[in-house]
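What follows is each chain in one-letter form.
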Amino acid sequence: MKPRQLTLLLLAGVVLLVVAACAAPATSSGGVKMENGVQQVTVISGTGADEYKFLPAGLTLSAGKTQITYENRGGLVHELMLLDNQDPAKIQQFIDAHMNEDASGEMAEDAVPGILVIPELEDVEAGTSQTSDAFELAPGSYMIACMKPGHYEAGMYSTFTITN
Ligand SMILES: [Cu+2]
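Reading the values: rules and limits
- Residues numbered from 1 in each chain as written.
- Predicted model: local features only at pLDDT ≥ 70, side-chain atom pairs only at ≥ 80, totals over all residues.
- Helix = DSSP H or I, 4+ residues; strand = E, 2+ residues; numbered from the N terminus.
- Buried ≥ 20, exposed ≤ 12 C-beta atoms within 10 Å, placed from the backbone.
- Contact = placed C-beta atoms within 7 Å.
- Core = buried A, V, L, I, M, F, W, Y, C linked by C-beta atoms within 7 Å.
- pLDDT = per-residue confidence, 0-100.
- Pairing = 2+ DSSP bridges.

## Focus on the overall build of the protein
Within the protein, the secondary structure is distributed over 4 helices and 10 strands. Taking all 164 residues of the protein together, the buried fraction comes to 24%. Taking as baseline every contact in the protein between residues at least 6 positions apart, the subset at least 24 positions apart corresponds to 69%.

Okay, structure coming up:
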């Protein structure tokens, strides 16, 4: 075999490996599973059109001990806030207060008490994930949202419905 052919063959091998690595199923596509009595909720955001999306959207969960993992597969820094969505007007108040934090000097979660259900998963870098502590999830309506500037407006939120 001529050196040139060998080089081409090696190159083809490398290309195949790269393609195989890319085609391999991702660790998980997100969703809900029970583990040691704790409801594990995994949401992801992706690249391109999915950069500003929490997936899967519109999850229905059970009340009880819960842990949320957010996996950022996109190219930007994001965050995940779990918000009480019983009163959508309060969500808007929270968003306004959040935009105003620098001017008002007041944290949005203080301006709208009780809206933030758990501490936010803050500054989740591209290609990383964060998991919340376990917490007790009560029945009701919730929203997860990213409040990085412009992200909520771009559609980076999703609602959770919690059944008994
Ligand atoms: Cu975001």
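## Side note on unusual backbone geometry
Of note, the bond from Leu-55 into Pro-56 is cis; its omega dihedral lies within 30 degrees of zero at -10°. One can find Pro-56 in the loop between β2 (38–45) and β3 (60–62). Here the phi dihedral of Asn-36 falls at roughly 50°; this positive angle occurs in a residue that is not glycine. Note on placement: Asn-36 falls in the loop between β1 (31–35) and β2. Residue classification places Asn-36 among the exposed residues on the basis of 7 C-beta atoms within 10 Å. For Asp-123, which is not glycine, the phi torsion reads 45° and is therefore positive. Mapped onto the secondary structure, Asp-123 falls in strand β6 (residues 121–124).

## Remarks on the environment of Leu-83
With respect to the helices and strands, the residue Leu-83 is situated in strand β5 (residues 78–84). Separated by 61 residues in the primary sequence, Leu-83 and Ile-144 place their C-alpha atoms 6.0 Å from one another. Leaving out residues up to four positions away in the same chain, Leu-83 has contacts with Ile-91, Phe-94, Ile-115, Leu-116, Val-117, Tyr-142, Met-143 and Ala-145.

## Things to note about the nonpolar core
With 29 residues, the main nonpolar core has Leu-83, Ile-144 and Ala-145 as its most contacted residues. Broken down by secondary-structure element, the contributors of at least two residues to this core are β2, β4 (64–72), β5, β6, β9 (140–145) and β10 (157–163). Leaving out residues up to four positions away in the same chain, Ala-145 has contacts with Met-81, Leu-83, Tyr-152, Met-156 and Tyr-157.

## What about the confidence of the model for the protein?
A residue-level look at the protein finds 83% of positions with pLDDT of 70 or above and a mean pLDDT of 87. At the low end of the mean pLDDT range in the protein sits helix α1 (residues 3–23), at 50; at the high end sits strand β7 (residues 129–131), at 98. Counting interchain partners and residues more than four positions distant, the pLDDT-below-50 stretch residues 14–26 has 0 contacts.

## Quick word on the pairing of β2
A regular strand places its side chains on the two faces of the sheet in alternate fashion. Relative to β2, β1 runs antiparallel, the two being bridged by 5 bridges. Its bridge partner lying in β2, Gly-31 is registered against Thr-42. Turn length for the β1-β2 hairpin, with the two strands adjacent in sequence and antiparallel, is 2 residues, and the turn residue Asn-36 shows positive phi of about 50°. Where β2 lies against β4, 7 bridges are found, and the strand directions are parallel. Note that in β4 the partner of Gln-40 across the bridge is Gln-67.

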